[in-house]
Amino acid sequence: MKLLPYFLQEFTLAGGNVEERKVMNLESLGDNFDIVVNCTGLGAREVVSDESVIPIRGQVLRVEAPSVFQLIMCADADGRYIIPNQESVVLGGTHQENDWNTKSTQEDTDFITSGCFRMLPSLKDAVVLSNWVGLRPGRPTVRLEAEIIKSTKQKTFTIIHNYGHGGSGVTLCWGCALNVAELVENYMLENSKLNVKSLIQNL
């Protein structure tokens, strides 16, 4: 099973619910929730008005190469790489800051294939399955912190921001998730102390 479907399955098995809706600002969520984890990525530009988040354009190819089992990365500044997945092999890639173009270009295709073919010549015979572009959410540093704000109805609630990972989302996800869980746990512990204190004062 692929990584994100696995996480979603684990989430739902643990009792989590998935709801799809368009969110233009986090204040609108505070009326119904006490704590919100903000993983909006590039959307943080609009949702929390963080203009330090920029698109980092990445074009990659997926090819059919079942004999490739090892990850290979170019040691120079070009940053081309070969990453085997479950069903295909990823050839990459580009790293173009502040580029919103989501269409693949022949120039970038040639750049990727020339470098990857040089590292592993047998890939010249591989069947290309797809050629696609993604916009990574770049930021000078990852934003991972708790913030207390008020909802649209002036209710106080907590946001835990977790975005700006650029092209390192899979690499950083475990550590950042642990940090987020710790912040949530601290919030729940502190909130339970406040509730107990309030009960004692009302006795």
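In what follows, the structure referred to is the one given above.
Residues numbered from 1 in each chain as written. Predicted model: local features only at pLDDT ≥ 70, side-chain atom pairs only at ≥ 80, totals over all residues. Heavy atoms only, no water.

What about the side chain of Asp50?
Formally: Helix and strand definitions follow DSSP, with helices as H or I runs of at least four residues and strands as E runs of at least two, each counted in order from the N terminus. Each residue is assigned to one of three classes by its accessible area relative to the maximum for its type, calculated with a 1.4 Å probe on protein chains only: buried under 20%, partly exposed between the two thresholds, exposed over 50%. Each polar contact in these results corresponds to two N or O atoms within 3.5 Å; when the atoms are within protein, one needs to be able to donate a hydrogen and the other to accept it, and residues that are neighboring in sequence are counted only if both atoms are side-chain atoms. In this analysis, two residues are considered to be in contact whenever any of their non-hydrogen atoms come within 4.5 Å of each other.
Mapped onto the fold, Asp50 is located in the loop between helix 2 (44–47) and strand 2 (54–64). Judged by its relative accessible area of 10%, Asp50 falls in the buried class. Within the structure, the side chain of Asp50 is placed 2.5 Å from the side chain of Ser52, a separation counted as a polar contact. Once residues lying within four places of it in the same chain are set aside, the contact partners of Asp50 are Ala44, Arg45, Arg139, Arg143 and Tyr163.

Quick word on the environment of Leu129
On the secondary structure map, Leu129 appears in strand 7 (residues 127–138). Separated by 40 residues in the primary sequence, Leu129 and Val89 place their C-alpha atoms 9.4 Å from one another. The contact partners of Leu129, leaving out residues within four places of it in the chain, are Arg62, Val63, Glu64, Glu87 and Ser88.

Brief notes about the pattern of salt bridges
Definition in use: Any Lys or Arg side-chain nitrogen located within 4 Å of an Asp or Glu carboxyl oxygen qualifies as a salt bridge.
A full pass over the atoms with the stated rule returns 7 salt bridges. For Arg57, the salt bridge identified is with Asp108, shortest N-O distance 2.7 Å. Of this pair, Arg57 sits in strand 2 while Asp108 sits in helix 3 (residues 106–119), and the two are 51 residues apart along the sequence. Each member of the pair Arg57 and Asp108 is classed as buried. As a salt-bridge pair, Arg143 and Glu145 come within 2.7 Å of each other at their nearest N and O atoms.

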